[in-house]
Amino acid sequence: MELRHLEHFLAVAEERSFTRAAARLHLVQSALSVSVRSLERELGSQLFDRTTHSVQLTDAGTALVVEARRTLAAAEAARDAVAAVKGGLRGSVHVGIMHSLALIDLAALLTRYHREYPDVRLVPRPAQGGSADLARDVQAGKLDLALASLPTGHPKGVNLRTLASEEMLLACPPGHPLARRRRIALTELDGETFVDNPPGWGTRVSVDRLFAESGLQREITVEVGDIPTVSELVRSGFGFAFVSPSTLPNPRRLVLRRVRPHPQFVVSLVTPTRPVSAAAHAFIDMVRESFPKPA
C-alpha cells in the first residue's frame, strides 16, 4: 500500500465519481481505476459499489475513509516537521470560511500568514451548507480549520473558540407598521413572515433557537443563501429578516430596528481535536493571537 493509493481512494470517495476524481487528480481515468483496484486487492475487500450511474462506498470503504485521512495527515505532518527543521514551513492549509466574514478581517490574516510563510499554500473554501457543513468538514478531515458561526452545539471531534460577535438587527419591510417603531419586542413578531438563510447557516440557527426558547412561531416564506438578496427581498415586502450589520453591503437601504431579546451573530474558530500539520498549527496560533480571550 502506498500513500498515493490512499489519495486516489479518497478522491473517488469524496467525488463519488471516477471521472471527477481523475480530473481533480490530473490522472487519466484508467490509471485511477488501476490504483483503486490495486488497493482493493491489497486489503482483500471491495471499497466501492460501481454502477454505470453512481459510485458508492461499501462498508469497508466507509471504514477506510477515516483511517486514510489520518494516515495522509500524519504523513503530511512528518514532511512538515522535516521542512520546519530545514528552515521553513511547507504544504497546504485548507481553511473553511463563511460566505460573509466582515466581522473579522480575514484578508489581513491571510496576507500576514502568506508573508510569514510564503511556501505554504492557503486554500480558503466556503460551504454550501453553511457553518454546520464547515464544522463537519473539519471533523471529517476535509478542512484543517474553519471560521464559522455555530451558536448552538457542535459535532464531536472539534473545538470552538469565539472570535467576535455582534447583535443582530431586524430588517423591516418599509410599509409594515413595525417599521415606524424605534424598538420592538420579540413577542410582537409572533406569527410574522420572514426571509432567511437556509438551515445550517449560523444566523438561521441563532434566530431559530431564540424563537423556540421564547415559545414563538414565525413563517419563513423564502430561503436564500445570499445576504444581498435577503436584503432586497425584505425591501420588496416579502417579510422580515434578522441580519448581522457587518454582513450588509448597504445597511442604509434597509429599515433596521433593535429587538429585545435579540439573536447574536457569533464567529468562532473551529479546530479539530486530532493533531494538525505544522502549517495549520501556525495559522491557528495566528488567529488565536489576533483574537485573544477576554481577561
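Residues numbered from 1 in each chain as written. Predicted model: local features only at pLDDT ≥ 70, side-chain atom pairs only at ≥ 80, totals over all residues. Heavy atoms only, no water.

Novice: I'm lost on helix α1 (residues 3-15) in this one. Help?
Specialist: Side chains of residues three or four places apart in an α-helix project in the same direction, reflecting 3.6 residues per turn. Spanning 13 residues, α1 covers 18 Å between terminal C-alpha atoms, matching the ideal 18 Å at 1.5 Å per step. Of the positions making up α1, those classed as buried are His 5, Leu 6, His 8, Phe 9, Leu 10, Ala 11, Val 12 and Ala 13. After α1 finishes, the residue Arg 16 shows a positive phi value of roughly 55°. (Helix = DSSP H or I, 4+ residues; strand = E, 2+ residues; numbered from the N terminus. Expected span 1.5 Å × (residues − 1). Buried < 20%, exposed > 50% of the residue type's maximum accessible area, 1.4 Å probe, protein only.)

Novice: Before we go on, may I ask you to explain the pairing of strand β3 (residues 91-97) in this structure?
Specialist: Here is the key point about a regular strand: its side chains alternate between the two faces of the sheet. Of all the 7 residues making up β3, 5 are buried; the element is thus mostly covered by neighbouring parts of the structure. For β3 and strand β4 (residues 120-126), the ladder comprises 7 bridges, and the chain directions are parallel. For Gly 96, the partnering residue across the bridge sits in β4 and is Arg 125. Once the chain exits β3 it traverses helix α5 (residues 106-116) before rejoining the sheet at β4, and the crossover so formed is right-handed. Where β3 meets strand β5 (residues 145-148), 3 bridges bridge the pair, whose relative direction is parallel. Paired with Ile 97 across the two strands is Leu 147, which belongs to β5. (Pairing = 2+ DSSP bridges. Right-handed = clockwise from strand over helix to strand, strands pointing away.)

Novice: Honestly, the sheet that holds strand β7 (residues 169-172) in this entry has me stumped. Any pointers?
Specialist: By definition, the strands of a sheet pair up through backbone hydrogen bonds, in either a parallel or an antiparallel sense. Reading across the sheet, the 4 strands line up as β8-β12-β7-β11 and stay open at both edges, with mixed pairing between neighbours. Edge positions in the sheet fall to β8 (183-185) and β11 (241-243), since each has one partner strand and no second. Taking each pair of neighbouring strands and ignoring which way they run, the sheet shows an average axis angle of 45°. Note: β7 against strand β12 (residues 255-260), 3 bridges, orientation antiparallel. (Axes fitted to C-alpha atoms, helices over the stretch in contact; angles between N-to-C directions.)

Novice: So what exactly am I meant to see when it comes to the packing of α5 against helix α9 (residues 278-290) here?
Specialist: The angle between the axes and the distance between the axes are what describe a pair of packed helices. Direction vectors running N to C along α5 and α9 enclose 130°, while the axes themselves pass 11 Å from each other. Here α5 lies oblique to α9, going by the angle between them. Of the two elements, α5 crosses α9, and the hand of that crossing is right-handed. Only Ala 279, Ala 282, Phe 283, Met 286, Val 287, Glu 289 and Ser 290 of α9 make contact with α5, whose side of the interface consists of Leu 109, Leu 110, Arg 112, Tyr 113 and Glu 116. (Parallel < 35°, antiparallel > 145°, perpendicular 65-115°, else oblique. Left-handed = near helix turned anticlockwise from the far one by under 90°. Contact = heavy atoms within 4.5 Å.)

Novice: Where do I start with the packing of α1 against helix α2 (residues 18-25) in this structure?
Specialist: Axis separation between α1 and α2 bottoms out at 8 Å; the angle between their running directions is 130°. One element, α1, and the other, α2, form an angle in the oblique class. The two elements α1 and α2 meet at a crossing, and its hand is right-handed. Residue-level inspection shows His 8, Ala 11, Val 12, Glu 14 and Glu 15 of α1 in contact with α2, the latter providing Phe 18, Arg 20, Ala 21, Arg 24 and Leu 25. Residue classes in the contact of α1 with α2 are distributed as 5 nonpolar, 1 polar and 4 charged. (Nonpolar A, V, L, I, M, F, W, Y, C, P; charged D, E, K, R; others polar.)

What is shown is where atoms sit, not what they do.
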